[in-house]
Amino acid sequence: MEGDVAAYHRPSELTEALEILAAAPVTVAAGCTDLYPATQAKALPGDILDITAIDALRGIAREDACWRIGAATTWTDVLNADLPATFDGLKLAAREVGSVQIQNAGTVAGNLCTASPAGDGAPCLLTLDASVEVQSAHGRRVVPLSSFLIGARRVELQAGEMVTGILVPAAAGAGGGDFLKLGARKYLVISIAMAAARIDVADGAIREAALAIGACSPVATRLPALEDALRGVALAEAAARVTGEMVAPVLSPIDDIRGDAAYRVEAATELMRRLLARCAARRMEAAA
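Residues numbered from 1 in each chain as written. Predicted model: local features only at pLDDT ≥ 70, side-chain atom pairs only at ≥ 80, totals over all residues. Heavy atoms only, no water.

*Asks:* Would you mind going over the environment of Arg198 with me for this structure?
*Replies:* Within the secondary structure, Arg198 sits in strand E12 (residues 193–202). Classification of Arg198 as buried rests on a relative accessible area of 1%. Residues Arg198 and Cys124, 74 residues apart in the sequence, show an inter-C-alpha distance of 8.2 Å. When neighbours within four sequence positions are excluded, Arg198 is seen to be in contact with Thr86, Thr127, Leu128, Asp129, Ala171, Ala172, Ala174, Gly176, Gly177, Glu208, Ala209 and Ala210. Here Asp129 takes part through its side chain, which lies 3.3 Å from a polar atom of the side chain of Arg198. (Helix = DSSP H or I, 4+ residues; strand = E, 2+ residues; numbered from the N terminus. Buried < 20%, exposed > 50% of the residue type's maximum accessible area, 1.4 Å probe, protein only. Contact = heavy atoms within 4.5 Å. Polar contact = N/O pair within 3.5 Å; in protein donor to acceptor, adjacent residues only side chain to side chain.)

In structure tokens:
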């Protein structure tokens, strides 16, 4: 029957999954929170490779040089994980991904593989200097997230490859993270604009700023000019340094039902101001 799944694979070992992937084209499935809405059929079309039974792909672990987020790790797993403050932005984004039911099923890696311009995870992971671990039956490679996301609904995956993890380098553990999202309502909404930040402060001044904007370009993007301009600036003064001239050049927003391009640039700039102001206020509260 049209729409029926030809073969459904649910291996418990990664090696078996990679062998299946090498044998014939399959759709890799985890939470399916994007896969199901994308089809009009009663079932997912074609052969399916369900990776949710592979224990090695679930969870967040600190390794020698990085934190590793397995490809089957859900947003709820992120929320429940004991992680340093640098991951606070990712945790805030996790609370904004759909409903609690979606957070329980949807995966961080799946969010990246869908490559929606409005994907909530990408801006935060960019500020964490994340890379994507990709494997096939022939080997493993690591791709910087900024190179993995190559366009709207397009990622740097070759035939026979699947994402097996997201890697956050130990160096990105310094400082604290934050995230803000603008939508037409509070919950269950696609973003108009998003801002993410990771700020490392020493003696009241910004030692390092990692800043990113989402939903305002085909892929989420860092703000290198603003990051450079804020280095050495007192955190309390950072929000006042944010200008549209530092934000707009790296964005390429579209006009759609959620907002026009000019509004998105203005919203992104204001979100970044508010994010930096909130970082400063929280630091003052912690010091009081």
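Picking up after the structure, the text goes on.
*Asks:* Can you walk me through the sheet that holds strand E11 (residues 176–182) in this structure?
*Replies:* Strands in a sheet are paired, the pairing made by backbone hydrogen bonds, and the direction either parallel or antiparallel. Ordered in space as E11-E12-E13-E14, the 4 strands form an open sheet in which the pairing is antiparallel. The sheet is open, and its two borders are formed by E11 and strand E14 (221–222), each paired with just one other strand. In this structure, strand E13 (residues 205–214) lies alongside E14, joined through 2 bridges in antiparallel fashion. Note that in E14 the partner of Ile213 across the bridge is Thr221. Relative to the sheet, helix H12 (residues 261–287) contacts E11, E12 and E13, its axis offset from that of E12 by approximately 35 degrees. (Pairing = 2+ DSSP bridges. Axes fitted to C-alpha atoms, helices over the stretch in contact; angles between N-to-C directions.)

*Asks:* Sorry, what's going on with the layout of surface pockets here?
*Replies:* In this approach, a probe sized like a water molecule rolls over the atoms, and the result shows the empty space that is left. What the second largest pocket holds in volume is close to 320 Å³. If you go around the second largest pocket, you meet 15 residues; those closest to its centre are Gly176, Ile199, Cys279, Arg282 and Arg283. Where the lining of the second largest pocket is concerned, the elements lending two or more residues are helix H4 (88–96), E11, E12 and H12. Its residues placed into classes, the lining of the second largest pocket shows 7 nonpolar, 3 polar and 5 charged. (1 Å grid on protein atoms, 1.4 Å probe; cavity = no way out; pocket = protein on both sides within 12 Å on 5 of 7 lines; lining within 4 Å. Points joined across faces, edges and corners; volume = space filled by probe spheres on them. Nonpolar A, V, L, I, M, F, W, Y, C, P; charged D, E, K, R; others polar.)

*Asks:* What am I meant to see in the packing of aromatic side chains here?
*Replies:* Two measures describe an aromatic ring pair: the distance that separates the ring centres and the angle between the ring planes. Summed over the entire model, instances satisfying the criterion amount to 1 aromatic pair. Between Trp67 and Phe87 the ring centres are 5.3 Å apart and the planes differ by 75 degrees, which places this aromatic pair in the edge-to-face class. Here Trp67 is found in strand E5 (residues 66–70), whereas its partner Phe87 is found in the loop between helix H3 (75–80) and H4, with 20 residues between them in sequence. Using a relative accessible area of 9% as the deciding quantity, one classes Trp67 as buried. The class for Phe87 is buried, based on a relative accessible area of 1%. (Phe/Tyr/Trp six-rings, centres within 6.5 Å; stacked < 30°, edge-to-face > 60°.)

*Asks:* Any chance you could explain the pairing of strand E10 (residues 162–169) here in plain terms?
*Replies:* Within a regular beta strand, the side chains point alternately toward one face of the sheet and then the other, so they alternate between its two faces. Within E10, 7 of the 8 residues are buried, which leaves the element mostly enclosed by the surrounding structure. Of the pairings in the sheet, the one linking E5 to E10 comprises 5 bridges and is antiparallel in character. Bridging from a neighbouring strand, Arg68 pairs with Leu167 of E10. Both strand E6 (residues 131–136) and E10 contribute to a ladder of 5 bridges, which runs antiparallel. Within E10, the position partnered with Glu133 by the bridge is Gly165.

*Asks:* Looking at this structure, how should I read the side chain of Arg68?
*Replies:* Relative to the helices and strands, Arg68 resides in strand E5. Residue class for Arg68 comes out buried when judged on its relative accessible area of 13%. Polar contacts involving the side chain of Arg68 include one to the side chain of Glu133, which spans 2.6 Å. A polar contact of 2.9 Å, which involves the side chain of Arg68, links it to the backbone oxygen of Thr164. Those residues in contact with Arg68 that sit more than four places away from it in its chain are Ala56, Leu57, Gly59, Ile60, Ala61, Glu63, Glu133, Thr164, Gly165, Ile166 and Leu167.

*Asks:* Can you help me understand the pairing of E5 in this one?
*Replies:* Along E5, 5 of the 5 residues are buried, which leaves the element largely enclosed by surrounding structure. Of the strand pairs in this sheet, strand E4 (residues 60–62) and E5 are connected by 3 bridges, and their pairing is antiparallel. Looking at the pairing, Ile60 lines up with Ile69 of E5. Between the end of E4 and the start of E5, which pair antiparallel, lie 3 residues.

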